[in-house]
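A look at the structure
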Amino acid sequence: ETLTFILILLILPFVSRWLCGTEKNKVVGIEGDYLKIRLIAQPERGKANKVLLRFLAKLLSIPKSRIQIKVGMFSERKVIQISHYGKEHFLERLG
């Protein structure tokens with residue numbers, strides 16, 4: 001049996017590093033069913049999506065190949081599928 005976990009994300013609009021005071025991508029909270037994430041990458045030509053996948057892989061300490069954007073490739077609202085890892089792994093890493 002393969003574990004699969006679904007994350008529903010709200011990606012906050014790009015803000016320059018100077019304005020937001022950070023050079024890091026970060027989880028900034030929860031709003032309803034959405035986990036809110038601020039990325040420092042601009043949403044152009046898939047750049048922000050690539051940064052998001054790398055950020056989630058690092059945050060969760062899992063291979064990037066286990067993470068897929070299922071819905072919302074061109075939207076700030078995204079549904080992410082994480083394969084071979086369950087909810088417990090996510091909650092433990094998010095701590």
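Residues numbered from 1 in each chain as written. Predicted model: local features only at pLDDT ≥ 70, side-chain atom pairs only at ≥ 80, totals over all residues. Heavy atoms only, no water.

Details of helix 2 (residues 47-60)
Put simply, the test is: In DSSP terms, a helix is any run of H or I states spanning at least four residues, a strand is any run of E spanning at least two, and both are numbered starting from the N terminus. Every helix has an expected span of 1.5 Å times one less than the residues it contains. Using a 1.4 Å probe on the protein chains alone, a residue whose accessible area is under 20% of its type maximum counts as buried, one over 50% counts as exposed, and one in between counts as partly exposed. Two residues form a contact once any of their heavy atoms are found within 4.5 Å.
For helix 2, which comprises 14 residues, the first-to-last C-alpha distance of 20 Å matches the rise-based estimate of 20 Å (1.5 Å per residue) to within 8%. Within helix 2 the residues assigned to the buried category are Ala48, Asn49, Val51, Leu52, Leu53, Phe55, Leu56, Ala57 and Leu60. Turning to helix 2, the residues buried within the fold contact strand 1 (4-12), strand 2 (26-31), strand 3 (34-38), strand 4 (67-71), strand 5 (77-83) and helix 3 (87-94). Two residues or fewer past helix 2, Ser61 is found with a positive phi of approximately 55 degrees.

As for the confidence of the model for the protein chain
Heads up, the condition is: Per-residue confidence from the predictor is reported as pLDDT, a score between 0 and 100.
Model confidence for the protein chain is summarised by a mean pLDDT of 85, while 87% of its residues fall at 70 or above. Least confident of the elements in the protein chain is helix 1 (residues 17-20), whose mean pLDDT is 55; most confident is strand 4, at 96.

Brief notes about the environment of Leu53
Note on placement: Leu53 falls in helix 2. Under the relative-accessibility criterion, Leu53 is labelled buried at 19%. Along the backbone, Leu53 and Ser65 are twelve residues apart, and their C-alpha atoms lie at a distance of 8.9 Å. With sequence-adjacent residues up to four places away left out, Leu53 is seen in contact with Lys64, Ile67 and Ile69.

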